[in-house]
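Okay, here's what each chain looks like letter by letter:
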Amino acid sequence: MIGQPVIRPLSLDEVRELLSWAKAEGWNPGIDDAVALQAADPDGFIGCFVEDRMAAGISAVCYGENYGFIGLYIAHADFRGQGLGRKIWDAGMAHLGDRVIGLDGVPEQQGNYARMGFVPAYQTARWSGIVPPRAGKSREGKAVAFDEGLLPAVISYDRQFFPAPRNAFLRSWLSGPRSVTIIDDHGSVAGYSVCRACDDGFKIGPLFADTLENAKELLSACAAAADGDVLHIDVPADQTEFADFLAEIGFARGFSTARMYRGTVPVLRSEGVYGITTLELG
C-alpha cells in the first residue's frame, strides 16, 4: 500500500528529473531546457510525491492573469494505474484557475482532453531533416544574431504570435546556450527563431516570421547553428507552403499533435507561426 501522496511545486533539479522522464518517453526535450522553462512560472511545475519519490509531474504555466498552458503530464511507470496522474492533473488545473488554457495533445489523448472541455484549434506536425547547403538562403541576408539590445523589440514582436506576454520566459529562452536569430528589416524585427541542442539533433522553436522567405532564411540560420545535424520543428498544418518546402529539401513528416484550448480560442497572427515554441509550454 502506498503512502499518502504529497503534491507540491518542483525544485529546479526536480524539473530536470521530469524532463528526463520526457526524454525516456521519446519526447526529446532540449538538453538545457529546465532553467528557461521554470522561469516562465516557478510555481507552475508540480509533482506528486509518494514517500519522497516523485510519482507524477505536470507543467501548468500561468502567463499572466488570463492564459495558461499544460504540458509535461507524465506519471512514472512504477506508479501508473494508481490514480496519481489524475491527482497531478487536478493540481495543475487548479493552479491555472479560470484562465484560458492551451495544450498540445497527441491523437490518443485528444478524446480525454475533449471530455475535460478542450476543443481543437489546429494540428501540428513534427518535421525532421538536414537542411542542404544554401537552402533557404536569401540574397538580402537579413538574418542577424540576437543580442540583448534587441530583447524589447523581440518581446514586442513575439506578442503578436503568442496569447499572452511571456517576458520572464523569453529573457531566459533567448540566452545561451540556445542560438537566436533575428530578421532585421530596415531596423524592425520581421522574424525570429531559436535553435537548441537535444539528445537527438536540434529543435527549432519558435520560428515566427512575416513572410515565407523570412522563415526559410531563419531555417537556414538554424541549420548553420546545428552544424549539419538533424533539425526538428513542429509546424502548424496551415503552413502548407512551408511544409512543402521542408519536404522538397528532404525533411520527413513525423507524429502530429493538436493545439487544444479550454475557453475562448486566442486570436493571433497565425499566418506567421511557422514553428511553435515547445510542446511543453506552448
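What counts as what
- Residues numbered from 1 in each chain as written.
- Predicted model: local features only at pLDDT ≥ 70, side-chain atom pairs only at ≥ 80, totals over all residues.
- Heavy atoms only, no water.
- 1 Å grid on protein atoms, 1.4 Å probe; cavity = no way out; pocket = protein on both sides within 12 Å on 5 of 7 lines; lining within 4 Å.
- Points joined across faces, edges and corners; volume = space filled by probe spheres on them.
- Helix = DSSP H or I, 4+ residues; strand = E, 2+ residues; numbered from the N terminus.
- Nonpolar A, V, L, I, M, F, W, Y, C, P; charged D, E, K, R; others polar.
- Contact = heavy atoms within 4.5 Å.
- Core = buried A, V, L, I, M, F, W, Y, C linked by side-chain atoms within 4.5 Å.
- Buried < 20%, exposed > 50% of the residue type's maximum accessible area, 1.4 Å probe, protein only.
- Arc of directions from axis to C-beta.
- Salt bridge = Lys/Arg side-chain N within 4 Å of Asp/Glu carboxyl O.

Participant: Tell me what's going on with the layout of surface pockets, and back it up with residues and numbers.
Facilitator: Sizing a probe to match a water molecule and rolling it over the atoms shows the empty space that remains. In this structure, the largest pocket occupies an estimated 460 Å³ of space. Looking at the largest pocket, it is lined by 19 residues, and the ones nearest its centre are Trp27, Asp104, Gly105, Val106 and Tyr113. At the level of elements, strand E4 (67–75), strand E5 (100–105), helix H4 (107–115) and strand E12 (252–262) are the ones that each hand at least two residues to the lining of the largest pocket. Volume-wise, the second largest pocket comes out at about 320 Å³. Every element with two or more residues in the lining of the second largest pocket is listed here: strand E6 (119–129) and E12. Here the residues of the lining of the second largest pocket sort into 13 nonpolar, 4 polar and 3 charged.

Participant: Got a sec to walk through the environment of Pro266? Specific residues and values, please.
Facilitator: Turning to its location among the elements, Pro266 is positioned in the loop between E12 and strand E13 (273–275). Discounting residues that sit within four places of it in the chain, Pro266 has contacts with Tyr67, Pro163 and Tyr261.

Participant: Which residues make up the nonpolar core, and what values go with them?
Facilitator: Counting 43 residues, the largest nonpolar core has Phe45, Tyr63, Tyr67, Leu174, Tyr192 and Leu281 as the members making the most contacts within it. In this structure, Phe45 is in contact with Arg8, Pro9, Leu10, Val15, Leu37, Gln38, Ile58, Ser59, Val61, Leu72 and Leu281, ignoring residues within four places of it in sequence. Membership of the second largest hydrophobic core comes to 27 residues, among which are Ile183, Phe202, Leu212 and Cys222.

Participant: Describe helix H5 (residues 151–158), with residues and values.
Facilitator: Among the residues of H5, Leu151, Val154, Ile155, Tyr157 and Asp158 are the ones counted as buried. The arc enclosing the buried residues of H5, seen along the axis, measures out at 165 degrees, which places them on a common side. Residues of H5 that are exposed and point more than 90 degrees away from the buried face comprise Pro152 and Ser156. Along its buried surface, H5 packs onto helix H6 (167–173), strand E8 (179–185), strand E9 (188–197) and strand E10 (202–209).

Participant: Lay out empty space enclosed by the protein in plain terms, naming residues and giving numbers.
Facilitator: Applying the stated criterion across every chain yields a total of 1 cavity of 30 Å³ or more. Estimated volume of the largest cavity: approximately 40 Å³. In terms of lining, the largest cavity is formed by Arg126, Arg196, Lys203, Ile204, Asp234, Ile276, Thr277, Thr278, Leu279 and Glu280. When the residues that make up the lining of the largest cavity are grouped by side-chain class, the tally is 3 nonpolar, 2 polar and 5 charged.

Participant: Describe the pattern of salt bridges, listing the residues and the values that go with them.
Facilitator: Taken as a whole, this structure holds 13 salt bridges when the rule is applied. With its nearest N and O atoms 2.9 Å apart, the salt bridge here joins Asp90 to Arg86. Of this pair, Asp90 and Arg86 both sit in helix H3 (residues 84–96), 4 residues apart, which is roughly one turn of that helix. Using a relative accessible area of 48% as the deciding quantity, one classes Arg86 as partly exposed. Ionic pairing is found between Arg269 and Asp210, a salt bridge with its closest N-O pair at 3.4 Å. Taken together, the positions of Arg269 in the loop between E12 and E13 and Asp210 in the loop between E10 and helix H7 (212–226) put the pair 59 residues apart, joining distant regions of the chain. Accessibility expressed as a relative area gives 35% for Asp210, which makes it partly exposed. Several salt bridges converge on common partners, so that one network encompasses Asp210, Arg269 and Glu271.

No statement about biological role is implied by the geometric values presented.
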